[in-house]
Amino acid sequence: MNAYSEFRDVTITITPAPFALDGYKAILNKVGELETAYFKDNTLADITAGKTLLTGKTPYKVFLFDLTTDLAAGEYTFDFVEVAPNAESLVTAL
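Residues numbered from 1 in each chain as written. Predicted model: local features only at pLDDT ≥ 70, side-chain atom pairs only at ≥ 80, totals over all residues. Heavy atoms only, no water.

With that out of the way, let us pick up the overall build of the protein chain. Helix and strand counts for the protein chain stand at two helices and four strands. Reading the helices (α) and strands (β) of the protein chain from amino to carboxyl end gives α-β-α-β-β-β. Oriented by its inertia axes, the alpha-carbon framework of the protein chain measures out at about 35 × 25 × 20 Å. A buried classification covers 34% of the 94 residues belonging to the protein chain. Long-range pairs, those at least 24 residues apart, make up 53% of the contacts in the protein chain between residues at least 6 apart in sequence. In the protein chain, 7 side chains carry a positive charge and 13 a negative one; their mean positions are 7 Å apart. (Helix = DSSP H or I, 4+ residues; strand = E, 2+ residues; numbered from the N terminus. Buried < 20%, exposed > 50% of the residue type's maximum accessible area, 1.4 Å probe, protein only. Contact = heavy atoms within 4.5 Å. Lys, Arg positive; Asp, Glu negative; His and termini not counted. Charge placed at Lys NZ, Arg CZ, Asp CG, Glu CD.)

Counted according to the given criterion, the structure contains three salt bridges. The shortest N-O distance in the salt bridge between K51 and D66 comes to 2.6 Å. On the criterion of sequence distance, the pair formed by K51 in strand β2 (residues 50–55) and D66 in strand β3 (residues 62–70) is long-range, its members being 15 residues apart. (Salt bridge = Lys/Arg side-chain N within 4 Å of Asp/Glu carboxyl O.)

Ranked by size, the top nonpolar core spans 14 residues in total, and within it F19, I27, L54, F65, Y76 and F78 carry the most contacts. At the level of elements, α2 (21–40), β3 and β4 (75–84) are the ones that each hand at least two residues to this core. At five residues, α2 tops the list of elements feeding residues into this core. Each residue touching I27, except ones within four places of it in the same chain, is listed here: I12, I14, F19, L54, F65 and F78. (Core = buried A, V, L, I, M, F, W, Y, C linked by side-chain atoms within 4.5 Å.)

This is the structure in structure tokens:
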């Protein structure tokens with residue numbers, strides 16, 4: 001990550017959150033990626049309830065969220081959808 005994305009204040013909202021710590025780590029990694037991308041190109045469009053599949057360190061677990069962003073304000077909302085062993089096992093369509 002670059003200095004901008006590491007030191008800018010951001011707001012991360014996670015609702016509801018019944019999942020392992022690995023899921024939180026995956027969220028922080030995703031926010032870091034988005035912050036870096038926005039720093040490089042501040043014309044990026046916000047995401048509105050976009051299906052976002054995240055993986056953490058655990059190789060046999062994926063986390064599905066609906067992600068909404070306000071990149072300019074540094075606001076990220078992750079609405080938990082489900083957790084599954086892999087993408088093929090998800091109940092919710094991507």
